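Observations on the three-dimensional arrangement
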Amino acid sequence: MPITPTTRLILETLLPHLKVAAGYARFLQPKIAALPAKEQGNFFSAALTDADVAIQNLVEVVLLGTFPDIRFYGEEYESSNNTKYFRATELGLEGDYLVTLDPIDGTKFYMDGHSNYQIILSILNSDDFEAVLAISPAQNIYFYALRGEGAFKGTLEMSLEACAPLHITSTKPSILLGWGMNYIAHLLKDRYQVIDIETDYSSDIQIPNLNGILSGDLSGAVIKSGKFIDGAALAFIAREAGCIVTTLDGSTLPPLHTCENYSLPGLIIAVSKSVHQDLLKAMQSVAV
């Protein structure tokens, strides 16, 4: 097995290039023209832009030029000419890391001119995330987390070392329900402002995305599945920052290598025990 670089070295190597990608995403946003939509189940996952493909190509070039033996899986692998050059695109054995990328998380937000899209890069071990870096280009900030070392926040001018520890607090009783989770909304509306992504999304008025957990705009979220490249990655940062993250039945998260289709099962993410209990109770109330 090739020698895998450390997680910090991977992040330090990629961060300058991801900052360039962030500048590119900012520049392109008002000019963007959508490519043909991907055939997916909802209008969020169907959105695809020139920025998605270009940013993934940039990261792929840097990885292949710097860490040619690294495993890599990018969301736009089907559109990439570089996929075939990586040693592997799936999880490896313990210590043989997989780097993943969501070049524009929240593509629909991005295409509609909202500011809460992100570039998310993750480093996965066989059992769990080792690191996640999430850049918000339009907000000039980024978050990152290292396994067992906590989460951090900084501006795009800052190095990893200059970032401050991330302490998540939310005074807003707002809950985000991911696609397909609106069936529990009525159980929460007496205590929370419930934001249902499926029905409340607006092209004109920005609503919180899942990364609102990190900014304090949300007290909790319930998502139907936690894709390694986005939802699960943001949940990892939240977990390292002190949030409670479980499956929909309150169980601890399963090892990544036991999951299918690059995805954890549905997740509850909460900034406090009381919020988590409310969300768990709602899920238990509708369980068959």
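Heads up: these notes are all about the structure in this document. As the structure is a prediction and not an experimental result, all values here were calculated from the model.

With that out of the way, let us pick up the sheet that holds strand β2 (residues 98–105). Read across the open sheet, the seven strands follow the order β1-β2-β3-β4-β5-β6-β7; overall the sheet is mixed. Single-partner strands in this sheet number two, and they are β1 (71–74) and β7 (164–165). Strand direction decides the pairing type here: strand β6 (residues 150–155) and β7, joined by two bridges, are antiparallel. By the bridge assignment for β7, F152 is matched with P165. Sheet contacts for helix α1 (residues 7–28): β2, β3 (118–124), β4 (129–136) and β5 (141–146); angle to β4, the most-contacted strand, approximately 20°. Sitting on the sheet, helix α7 (residues 231–240) touches β2, β3, β4, β5 and β6, and the angle it makes with β4 is about 100°.

Here the focus is the pairing of β6. Relative to β6, β5 runs antiparallel, the two being bridged by six bridges. Bridge pairing links A145 to A151 in β6. Counting the residues in the hairpin turn of β5 and β6 gives three residues, including G148, whose phi is positive at 75°.

A positive phi angle is found at N261, which is not glycine, with a value near 55°. If you trace the backbone, N261 turns up in the loop between β12 (244–247) and β13 (263–264). A positive phi angle is found at Y262, which is not glycine, with a value near 55°. Position of Y262 among the secondary structure elements: in the loop between β12 and β13.

This part takes up the side chain of D105. Counting through the fold element by element, D105 comes out in strand β2. For D105, which is buried and forms no salt bridge, the nearest opposite charge comes from K227, at a distance of 8.5 Å. Excluding its chain neighbours within four sequence positions, the residues that come into contact with D105 are Y117, Q118, I120, N209, D230 and L234.

The next point concerns the environment of E76. Along the chain, E76 falls in the loop between β1 and β2. Assessed through its relative accessible area of 4%, E76 is described here as buried. Taking the C-alpha atoms as reference points, E76 and Q56, 20 residues apart in sequence, are found 7.1 Å from one another.

For the rest of this paragraph, the subject is the nonpolar core. Counting residues in hydrophobic clusters, the biggest one holds 43 residues, and the most contacted among them are F129, L166, I168, L210, I213, L214 and I237. Of all the secondary-structure elements, those providing two or more residues to this core are β3, β4, β5, α6 (212–215), β10 (220–223), α7 and β14 (267–270). No other element matches the seven residues that α7 contributes to this core. Every residue in contact with L210, bar those within four places of it in the chain, is listed here: L176, L218, A221, I223, G231, L234 and I269.

Parameters and conventions
- Residues numbered from 1 in each chain as written.
- Predicted model: local features only at pLDDT ≥ 70, side-chain atom pairs only at ≥ 80, totals over all residues.
- Heavy atoms only, no water.
- Pairing = 2+ DSSP bridges.
- Helix = DSSP H or I, 4+ residues; strand = E, 2+ residues; numbered from the N terminus.
- Contact = heavy atoms within 4.5 Å.
- Axes fitted to C-alpha atoms, helices over the stretch in contact; angles between N-to-C directions.
- Buried < 20%, exposed > 50% of the residue type's maximum accessible area, 1.4 Å probe, protein only.
- Lys, Arg positive; Asp, Glu negative; His and termini not counted.
- Salt bridge = Lys/Arg side-chain N within 4 Å of Asp/Glu carboxyl O.
- Core = buried A, V, L, I, M, F, W, Y, C linked by side-chain atoms within 4.5 Å.

As far as function goes, none of this settles anything; it's purely spatial.
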